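Spelled out, the chains give:
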Amino acid sequence: MAVEFDVKGRVATITLNRPEKMNAMDMEMYAAISERLREIDQRDDIWVGVVTGAGERAFTAGADLVGLHGAAAGAQVSWESVRPTRFDLGLEVQKPLIAAVNGYCLAGGLELALVCDFRVASERSRFGCPEVRWNLLHGYGAQRLPEIVGLSNAMYLLLTGTFIDAAEAHRIGLVQEVVPHERLLDRTYELAETICANGPMAVRMTKELTLRGRDLTLADGIRLYQALNRLVEQSEDMEEGTRAFAEKRPPRFQNR
């Protein structure tokens with residue numbers, strides 16, 4: 001299958017499996033990835049999601065341009081309002097997501113990595129937004145990149161179409177860790193398990209507060225914090241966390 005899905009313990013992995021095409025995504029893959037992200041969001045037994053690519057060359061080189069943008073001549077064009085059901089159109093996942101970037105991460109592939117909360121990169125990775133070379137727009141990424149890497153760094157990537165290596169991506173904050181290629185998945189799963197050891201309700205509400213708080217005044221952000229904190233405090237895991245702290249032992253959270 002072009003998109004594989006595997007769950008081990010509390011961690012789910014989405015693997016783009018089209019290495020002969022550098023994991024380029026056609027419409028079916030866009031839909032399948034988005035469906036799996038929704039599954040991660042909805043399943044109580046999944047606490048963290050990992051997204052990666054198969055093979056040695058690419059996380060994903062982005063959209064399969066022939067299959068995705070090759071509209072037939074004379075095809076009718078109409079306006080459709082945005083529906084947040086696809087990852088590059090605003091689909092949100094409440095669970096933490098980590099991108100394990102194992103090679104080229106370009107165009108729509110970079111957008112998929114930006115859907116994740118943070119990114120771990122192989123030293124072989126390359127990043128870029130080459131859409132302008134083909135008279136296309138980098139949509140979701142153009143919305144997210146400025147707040148992640150700063151406006152000027154975002155404009156440099158978006159307007160030139162230049163590729164940067166993993167070290168430069170780390171320097172500007174696009175990725176959080178760069179590791180030897182053979183250590184990529186091991187390190188990513190270490191981070192996933194670190195998150196899984198934390199209180200799952202607190203993790204999800206922290207992500208919600210952080211994302212929603214970007215668009216709020218401080219006063220409104222504090223109100224949102226108070227509302228979300230009440231949910232955390234009413235959970236059974238809150239009692240387990242405080243009990244474990246008092247007893248000086250690791251907590252055993254159950255996502256309740």
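Up top is the structure.
Conventions we followed
In this convention, every chain numbers its residues from 1, walking through the sequence in written order. Reporting of local features is limited, given that this is a predicted model, to residues whose pLDDT is at least 70; pairs of side-chain atoms are given and counted only at 80 or more, and all residues count toward the totals for whole chains, interfaces and linings. Working from all heavy atoms in the structure, the side-chain values ignore hydrogens and water. Elements are defined by DSSP. Helices are runs of H or I of four residues or more, strands are runs of E of two residues or more, and each kind is numbered from the N terminus. Every radius of gyration here is taken over C-alpha atoms, with the globule rule written as 2.2 Å times N^0.38, N being the number of residues. Exposure categories follow from relative accessible area, calculated using a 1.4 Å probe and restricted to protein chains: below 20% of the type maximum is buried, above 50% is exposed, and the middle band is partly exposed. Whether two residues touch is decided by their heavy atoms; if any such pair falls within 4.5 Å, the residues are in contact. To be clear on the numbers: accessible area is Shrake-Rupley with a 1.4 Å probe, and residue cover counts the displayed protein chains and nothing else. We count Lys and Arg on the positive side and Asp and Glu on the negative side, and we leave His and both chain ends out. Taken as the charge location is NZ of Lys, CZ of Arg, CG of Asp or CD of Glu. Buried and open spaces are told apart on a 1 Å grid over the protein atoms alone, a cavity being a set of points where a 1.4 Å probe fits but cannot get out and a pocket being an open set with protein on both sides within 12 Å along at least five of seven lines. Residues with an atom within 4 Å of a point are the lining residues. Grid points are joined across faces, edges and corners, and a volume is the space filled by probe spheres set on the points. The criterion for strand pairing is that DSSP finds at least two bridges linking the strands in question. Whenever a helix is involved, its axis is fitted only over the stretch in contact; in every case the axis is a line through C-alpha atoms, and angles between N-to-C directions fall within 0 to 180 degrees. Salt bridges are identified by distance alone: a Lys or Arg side-chain nitrogen within 4 Å of an Asp or Glu carboxyl oxygen. With respect to orientation, any angle under 35 degrees is reported as roughly parallel, any angle over 145 as roughly antiparallel, any angle of 65 to 115 as roughly perpendicular, and every other angle as oblique. Left-handed describes a crossing whose near helix is turned anticlockwise from the far helix through less than a right angle; right-handed describes the clockwise counterpart. In the scheme used here, Gly and all other residues not listed as nonpolar or charged are polar, with Ala, Val, Leu, Ile, Met, Phe, Trp, Tyr, Cys and Pro taken as nonpolar and Asp, Glu, Lys and Arg as charged.

J.: I would appreciate a short explanation of the overall build of the protein chain in the present structure.
T.: Scanning the protein chain from terminus to terminus reveals 10 helices and 10 strands. Against the globule reference of 18 Å for 256 residues, the protein chain gives a C-alpha radius of gyration of 19 Å, in line with a compact fold. Viewed in the frame of its principal axes, the protein chain has a C-alpha envelope of about 65 × 40 × 35 Å. Within the span of the protein chain, comprising 256 residues, buried residues form 44% of the whole. Of the contacts formed within the protein chain by residues at least 6 apart in sequence, a portion of 69% connects residues at least 24 apart. Entry remark: accessible area of the protein chain is about 13800 Å², with carbon and sulfur atoms responsible for 54%. Within the protein chain, the 36 negative side-chain charges are centred at a point lying 2 Å from the centre of the 30 positive side-chain charges.

J.: Looking at this structure, how should I read empty space enclosed by the protein?
T.: Empty space among the atoms becomes visible once a probe the size of a water molecule is rolled across them. The full count for this structure, using the stated rule, is 1 cavity of 30 Å³ or more. The space that makes up the largest cavity amounts to roughly 50 Å³. Around the largest cavity, the lining residues are W47, V48, K95, P96, I195, C196, P200, V203 and R204. Going through the elements one at a time, α7 (184-196) and α8 (200-213) are the ones with two or more residues in the lining of the largest cavity. No other element matches α8, which puts 3 residues into the lining of the largest cavity.

J.: Whenever I open this one, the sheet that holds strand β3 (residues 48-53) confuses me. Can you help?
T.: Backbone-to-backbone hydrogen bonds pair the strands of a sheet. The strands run either parallel or antiparallel. Spatially, the 6 strands line up as an open sheet ordered β1-β2-β3-β5-β7-β10, and their pairing is mixed. Of all strands in the sheet, those bounded by a partner on one side alone are β1 (3-8) and β10 (177-179). Shown here is a sheet whose adjacent strand axes are inclined to one another by a mean of 20 degrees, direction ignored.

J.: What am I meant to see in the pattern of salt bridges here?
T.: Opposite charge on two side chains allows them to pair when their charged atoms are near. A complete count under the given rule lists 20 salt bridges for this structure. A salt bridge links R214 to E147, with the nearest nitrogen and oxygen atoms 2.6 Å apart. Of this pair, R214 sits in the loop between α8 and α9 (218-233) while E147 sits in helix α4 (residues 139-149), and the two are 67 residues apart along the sequence. We classify R214 as partly exposed; its relative accessible area is 40%.

J.: Help me out: how do you make sense of the packing of α4 against helix α5 (residues 151-160) in this one?
T.: When two helices pack together, their arrangement is captured by the angle between the axes and the distance separating the axes. At their nearest, the axes of α4 and α5 sit 7 Å apart, and the two run at 135 degrees to each other. Relative to α5, the element α4 is oriented oblique. Considering the relative orientation of α4 and α5, their crossing is right-handed. Residues A142, L145, P146 and V149 of α4 form the contact with α5, whose participating residues are L151, N153, A154 and L158. For the contact of α4 with α5, the residue count by class is 7 nonpolar, 1 polar and no charged.

J.: Looking at this structure, how should I read the layout of surface pockets?
T.: The space that makes up the second largest pocket amounts to roughly 500 Å³. As for the second largest pocket, its lining consists of 25 residues, and the residues nearest its centre are C116, D117, R144, K207 and L211. Listing elements by their share of the lining of the second largest pocket, those giving two or more residues are α3 (108-115), β7 (118-122), α4 and α8. Per element, the largest residue contribution to the lining of the second largest pocket is 6 residues, and it comes from α8. Residue composition of the lining of the second largest pocket, grouped by class: 13 nonpolar, 4 polar and 8 charged.

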